[in-house]
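One letter stands for each residue in the lines below.
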Amino acid sequence: MSHATKNGITSPYVELDRTAWAALRSSTPLALTESELEVLRGTTDPTSMEEVEDIYLPLSRLLNLYVKATRQRHAAVRDFLGEGDQPVPFIIGVAGSVAVGKSTTARLLRTLLAQWPDHPHVELVSTDNFLYPNAVLQERGLMNRKGFPESFDRRSLVRFVSAMKAGASRMDIPVYSHLAYDILDDSVQTVHRPDILIVEGINVLQPPQAGRLAVADFFDFSIYVDAKVEHIRSWYLERFLELRRTAFSDPRSYFHSMATTLDESRALEFARNTWRSINEVNLVENIRPTRGRATLVLYKGEDHGVRRVRLRKT
Ligand SMILES: Nc1ncnc2c1ncn2[C@@H]1O[C@H](COP(=O)(O)OP(=O)(O)O)[C@@H](O)[C@H]1O
Ligand SMILES: CC(C)(COP(=O)(O)O)[C@@H](O)C(=O)NCCC(=O)O
């Protein structure tokens, strides 16, 4: 365990290698089968049972402690105000690049956190549901900026999270479809007041615009999933080729032509270009600069396995 120091000043962060972090699982039980894990894993994401035991069980234990401590703090404020009992959802943000594996992390956490008896109801929301519909992006010249901060309806996202935090019993939010590559106009996701709400998306740690609130202002804990750009790029391309063999072959897919009229090398060229001109620019300019704001950083190696963990202690 290293307590990094700079100019003799102890840092508020602690950095642990995989072995030291894995030991912090303590007695947290593994209650997940290989077939359950299979369902939670994203396309081409190799997250293994060993990864769940070494990385996600210690994280689940830490989050359970955080939830307990946060509830005590809320109870203290209610006592001070002379108010009665009122449940407040604990909110977790999961940030990181396109294709880094945030959604697998978020789905695993949803399952593992719901196994604790004191917070069984965990809801998961992906921020792609708050992208502007393609018609709006087209009108604003933002079709090639999908995923950049300005392509999201940040005001609606903040309103949703702040309402959940304030105890709203249910909220309906829009639904984004990767198949349609657009917001669906005939669907909603209904979120019932949870014990824990996980908000997953590339931009969830963005600082607020001047004079406004950002979604991160409502987080009780945040996780940044990190890896080298060259590794994320190859995961993106690998996933694109797999989607070309699977999801894109559906005639309703926005990318159907990638599986039909374009051969593999032309499709790969398209994916490389999308990565270079959109996703990598967004990662370098907007996403990675928010890493320092996270409570916890998971550093992944080339095989998607977490090598190191950085935790903010205070
Ligand atoms: N064009 C696509 N068609 C179908 N599914 C997709 C497409 N792009 C991404 N996905 C799926 O959407 C989920 C989220 O992807 P992404 O936003 O890149 O985040 P991450 O890889 O960090 O989870 C992943 O499970 C991925 O497999
Ligand atoms: C929908 C996304 C912006 C991710 O949004 P998130 O839920 O992570 O906030 C991304 O997956 C995406 O579609 N990017 C556009 C470029 C591309 O097609 O890869």
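Residues numbered from 1 in each chain as written. Chains lettered and ligands numbered in written order. Predicted model: local features only at pLDDT ≥ 70, side-chain atom pairs only at ≥ 80, totals over all residues.

Let's talk about the nonpolar core
And then number 1: Residues Ile-92 and Ile-198 are the most contacted members of the largest nonpolar core, which totals 69 residues.
And then number 2: With seven residues, the single largest contributor to this core is helix H3 (residues 49–81).
And then number 3: Residues contacting Ile-198, with those up to four places away along its chain left out, are Ile-92, Val-94, Ala-106, Leu-109, Arg-110, Val-122 and Leu-124. (Core = buried A, V, L, I, M, F, W, Y, C linked by C-beta atoms within 7 Å. Buried ≥ 20, exposed ≤ 12 C-beta atoms within 10 Å, placed from the backbone. Helix = DSSP H or I, 4+ residues; strand = E, 2+ residues; numbered from the N terminus. Contact = placed C-beta atoms within 7 Å.)

Examining the sheet that holds strand E12 (residues 296–300)
And then number 1: Taken together, seven strands build an open sheet; the order of strands is E3-E13-E12-E11-E4-E10-E5 and the sheet is mixed. On the outer flanks of this sheet lie strand E3 (13–17) and strand E5 (122–126), each paired with one strand and no other. Taking each pair of neighbouring strands and ignoring which way they run, the sheet shows an average axis angle of 15 degrees.
And then number 2: As defined by bridge partners, strand E4 (residues 90–96) adjoins strand E10 (residues 196–200) across five bridges and the pair is classed as parallel. The residue of E10 that forms the bridge with Gly-93 is Val-199. (Pairing = 2+ DSSP bridges. Axes fitted to C-alpha atoms, helices over the stretch in contact; angles between N-to-C directions.)

As for the environment of Leu-237
And then number 1: By secondary structure assignment, the location of Leu-237 is in helix H7 (residues 229–245).
And then number 2: Judged by the 16 C-beta atoms lying within 10 Å of it, Leu-237 is partly exposed.
And then number 3: With residues up to four places along the chain from it excluded, the contact list for Leu-237 reads Leu-268, Ala-271, Arg-272 and Trp-275.

Description of the UniProt feature "domain: Phosphoribulokinase/uridine kinase" (unreviewed entry) in the chain
And then number 1: The positions UniProt marks with the feature "domain: Phosphoribulokinase/uridine kinase" (unreviewed entry) are residues 91–239.
And then number 2: Helix makes up 28% of residues 91–239 and strand 23%, with an end-to-end C-alpha separation of 29 Å. (UniProt positions renumbered as here; feature names shortened; annotations may be inferred.)

Brief notes about the pairing of E4
And then number 1: The buried fraction of E4 amounts to seven of the seven residues, a majority that puts the element mostly inside the structure.
And then number 2: Burial of the side chains of E4 extends over both faces: Phe-90, Ile-92, Val-94 and Gly-96 are buried on one face and Ile-91, Gly-93 and Ala-95 on the other.
And then number 3: Two elements, E4 and strand E11 (residues 221–226), share five bridges in a ladder whose sense is parallel. The residue bridging Val-94 from the neighbouring strand is Ile-223, located in E11.

Some thoughts on the environment of Gln-209
And then number 1: Of note, Gln-209 is situated in the loop between E10 and E11.
And then number 2: Taking the C-alpha atoms as reference points, Gln-209 and Arg-154, separated by 55 residues in sequence, lie 9.9 Å from one another.

Quick notes on the site of ligand 1
And then number 1: Lining the immediate surroundings of ligand 1 are 14 residues, of which Gly-42, Thr-43, Lys-102, Ser-103 and His-178 lie closest.
And then number 2: At the level of secondary structure, the elements contributing two or more residues to the shell around ligand 1 comprise helix H4 (102–113) and H7. (Near = placed C-beta within 6 Å.)

So, the site of ligand 2
And then number 1: Lining the immediate environment of ligand 2, one finds Val-98, Ser-126, Thr-127, Asp-128, Lys-146, Gly-147, Gly-201, Ile-202, Asn-203, Thr-274, Ile-278 and Asn-279.
And then number 2: Considering every element that reaches the shell around ligand 2, the biggest residue donor is helix H9 (residues 264–287), with three residues.
And then number 3: Tallied by class, residues from the shell around ligand 2 come to three nonpolar, seven polar and two charged. (Nonpolar A, V, L, I, M, F, W, Y, C, P; charged D, E, K, R; others polar.)

Observations concerning the environment of Val-215
And then number 1: Locating Val-215 in the fold gives a position in the loop between E10 and E11.
And then number 2: In the structure, Val-215 is positioned 10 residues away from Leu-205 in sequence and 7.5 Å away in space, judged by C-alpha atoms.

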